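Spelled out, the chains give:
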Amino acid sequence: MTYLLTVTSGLVTAVSLATAALADEATAIESAESAAPAAVAAGATIYSVDASGAMTTLREGTNGFWCMPDYPGSPGPDPMCGDANSMEWVMAWLGKKDPPKGKVGFMFMLSGGSDSSNTDPYATGPAEGNNWVTTGPHVMVVNATDMMAGYPAEPTPDTTQPYVMWAGTPYSHLMIPVN
């Protein structure tokens, strides 16, 4: 009888954990999809990134776009989606490597974001002098450094108009509000 109770308890625990994991996965997919127009998000590959930077595929896509859910370690919501070129840019940024030459990318953050420091690509939270910005819904053009001349690149931008984030770094990109 003790054996049966132990097995039953183990099965109930396993089912509960599996159900929680599926609910968490569904929530993550919903968060990721909120970053792009429905027509893009519906066919996008959905990735999740853990605190160490390891990526897990939650859903395979069909349209060449990818999306990631809000990262809970950041101060605000920040789900994002992008094309294949922007993924190469993101991987270079995360790996602290130079972005690929000649591959302009496009990204969506239609849920807005407490993005990061406007001057330090590796700041992990708001701090004195790191120019943290919070933006509304926006899109980004990445890896187009030579094409951003003439756009504001101040450390404390007006986030209601296009501006350059991370100016002067290999990861500078154009932020374009959509509201």
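Residues numbered from 1 in each chain as written. Predicted model: local features only at pLDDT ≥ 70, side-chain atom pairs only at ≥ 80, totals over all residues. Heavy atoms only, no water.

Caption draft 1: Highlighting the state of the cysteines. Inspection of the entire model under this criterion finds one disulfide. Disulfide pairing places Cys67 opposite Cys81 at an S-S distance of 1.9 Å. One quick way to see it: the torsion about the S-S bond of Cys67 and Cys81 is about 110 degrees, and its sign makes the bridge right-handed. Remark: Cys81 occurs in strand 4 (residues 80-82) and Cys67 occurs in strand 3 (residues 66-68); sequence separation between them is 14 residues. (Disulfide = S-S within 2.5 Å. Helix = DSSP H or I, 4+ residues; strand = E, 2+ residues; numbered from the N terminus.)

Caption draft 2: How the structure looks around the pairing of strand 2 (residues 55-59). By the bridge criterion, four bridges tie strand 1 (residues 45-49) to strand 2 in an arrangement that is antiparallel. Bridge assignment links Val49 to a residue of strand 2, and that residue is Met55. Linkage of strand 1 to strand 2, two consecutive antiparallel strands, is achieved through a turn of five residues, within which Gly53 is found at a positive phi near 95 degrees. (Pairing = 2+ DSSP bridges.)

Caption draft 3: Looking closely at the layout of surface pockets. Of the voids in this model, the largest pocket is the one considered here, and its volume is about 940 Å³. Breaking the lining of the largest pocket down by element, the ones donating at least two residues are helix 1 (2-33), strand 1, helix 3 (84-94), strand 5 (105-109), strand 6 (113-117), strand 8 (138-142) and strand 10 (173-177). The element best represented in the lining of the largest pocket is helix 3, accounting for four residues. Along the lines of polarity and charge, the residues of the lining of the largest pocket split into 24 nonpolar, ten polar and five charged. (1 Å grid on protein atoms, 1.4 Å probe; cavity = no way out; pocket = protein on both sides within 12 Å on 5 of 7 lines; lining within 4 Å. Points joined across faces, edges and corners; volume = space filled by probe spheres on them. Nonpolar A, V, L, I, M, F, W, Y, C, P; charged D, E, K, R; others polar.)

Caption draft 4: A look at the environment of Leu110. Mapped onto the secondary structure, Leu110 falls in the loop between strand 5 and strand 6. Separated by 68 residues in sequence, Leu110 and Val178 place their C-alpha atoms 7.9 Å apart. If near-sequence neighbours (up to four positions away) are discounted, Leu110 is found in contact with Ser34, Ala35, Ala36, Pro37, Pro137, His138, Val139 and Val178. (Contact = heavy atoms within 4.5 Å.)

Caption draft 5: Local environment of the nonpolar core. Among the nonpolar cores identified, the biggest contains 17 residues, and Trp66, Trp89 and Met107 are the most heavily contacted of them. Secondary structure elements with two or more residues in this core: strand 3, helix 3, strand 5, strand 8 and strand 9 (163-165). With four residues, the top contributor of residues to this core is helix 3. Non-local contacts of Trp89, meaning those with residues more than four positions away in its chain, are made with Pro99, Pro100, Met107, Val142, Asn143, Trp166, Pro170, Tyr171 and His173. (Core = buried A, V, L, I, M, F, W, Y, C linked by side-chain atoms within 4.5 Å. Buried < 20%, exposed > 50% of the residue type's maximum accessible area, 1.4 Å probe, protein only.)

Caption draft 6: Up close: the pattern of salt bridges. If you walk through the whole model with that rule in mind, you get two salt bridges. One salt bridge in this structure joins Glu33 and Arg59, with 2.7 Å as the shortest N-O distance. Placement of the pair is Glu33 in helix 1 and Arg59 in strand 2, with a sequence separation of 26 residues. With its nearest N and O atoms 2.8 Å apart, the salt bridge here joins Lys103 to Glu88. Here Glu88 lies in helix 3 and Lys103 lies in the loop between helix 3 and strand 5, a separation of 15 residues in the sequence. (Salt bridge = Lys/Arg side-chain N within 4 Å of Asp/Glu carboxyl O.)

Caption draft 7: Summary view of the pairing of strand 1. Sheet topology places strand 1 next to strand 3; two bridges connect them, and they run parallel. By the bridge assignment for strand 3, Ile46 is matched with Cys67.

Caption draft 8: Expanded view of the packing of aromatic side chains. Applying the stated rule across the entire model yields seven aromatic pairs. On the numbers, 6.4 Å between centres and 45 degrees between planes, the contact of Phe65 with Phe108 is tilted. Separated by 43 residues along the polypeptide, Phe65 in the loop between strand 2 and strand 3 and Phe108 in strand 5 bring together distant segments of the chain. Here Phe65 falls in the partly exposed class, since its relative accessible area comes to 24%. An aromatic cluster is present here, built from Trp89, Trp93, Tyr122, Trp166 and Tyr171 joined pairwise through their rings. (Phe/Tyr/Trp six-rings, centres within 6.5 Å; stacked < 30°, edge-to-face > 60°.)

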